[in-house]
Amino acid sequence: MTMKSMTISLEMAQRVKDFVAITQNCDCEILLKSGKYVVDAKSILGIFSLDLSKPLTVEIYSDDCADILEKLAKFAK
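Residues numbered from 1 in each chain as written. Predicted model: local features only at pLDDT ≥ 70, side-chain atom pairs only at ≥ 80, totals over all residues. Heavy atoms only, no water.

(A) Highlighting the overall build of the protein chain. Each helix and strand in the protein chain was counted, giving 3 helices and 4 strands. Across the protein chain, helices and strands are ordered from the amino to the carboxyl terminus as β-α-β-β-α-β-α. Taken over C-alpha atoms, the radius of gyration comes to 11 Å for the protein chain, in line with the 11 Å a tight globule of 77 residues would show. Dimensions of the protein chain, computed from C-alpha atoms along their principal axes, come out at roughly 30 × 25 × 20 Å. Classification of the 77 residues of the protein chain by burial places 39% in the buried group. (Helix = DSSP H or I, 4+ residues; strand = E, 2+ residues; numbered from the N terminus. Rg over C-alpha atoms; globule rule 2.2 N^0.38 Å. Buried < 20%, exposed > 50% of the residue type's maximum accessible area, 1.4 Å probe, protein only.)

Structure (structure tokens):
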């Protein structure tokens, strides 16, 4: 299993909702990191617990995640 990562920005609530709508449909593990904090990228409450004014790092653990990366590209920083 490989890990892919990208830096994103989720500065507005609507962007968080759109992001979770995409990640919830994925079977693989997706984490969101902000500094020393790590949350499940499928958890809207977890995401709102992060400092959304700063760039976040998404980590996708899957061998086949090209489609997910493509969908998440609109959030890229």
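(B) Quick peek at the sheet that holds strand β1 (residues 3-8). The antiparallel open sheet is built from 4 strands, whose spatial order is β1-β4-β2-β3. Each edge of the sheet is formed by a strand with only one pairing partner; in this case those strands are β1 and β3 (37-40). The average undirected angle you get between the axes of adjacent strands in this sheet is 25°. Pairing analysis gives 4 bridges linking strand β2 (residues 29-34) to β3, with the strands arranged antiparallel. Within β3, the position partnered with leucine 31 by the bridge is aspartate 40. (Pairing = 2+ DSSP bridges. Axes fitted to C-alpha atoms, helices over the stretch in contact; angles between N-to-C directions.)

(C) Up close: the environment of glutamate 59. Relative to the elements of secondary structure, glutamate 59 occurs in strand β4 (residues 56-61). Here glutamate 59 falls in the buried class, since its relative accessible area comes to 9%. With 50 residues separating them along the chain, glutamate 59 and serine 9 place their C-alpha atoms 14 Å apart. With sequence-adjacent residues up to four places away left out, glutamate 59 is seen in contact with Met3, Lys4, Ser5, Glu29, Ile30, Leu31 and Lys33. Separated by 3.2 Å, the side chains of glutamate 59 and lysine 33 make a polar contact. (Contact = heavy atoms within 4.5 Å. Polar contact = N/O pair within 3.5 Å; in protein donor to acceptor, adjacent residues only side chain to side chain.)

(D) Examining the pairing of β4 more closely. Looking at chain direction, β1 and β4 are connected through 6 bridges and run antiparallel. Bridge assignment links isoleucine 8 to a residue of β4, and that residue is leucine 56. Pairing of β2 with β4, which is carried by 5 bridges, proceeds in the antiparallel orientation. Note that in β4 the partner of isoleucine 30 across the bridge is isoleucine 60.

It is worth stressing that arrangement in space is one thing and function is another; only the former is reported here.
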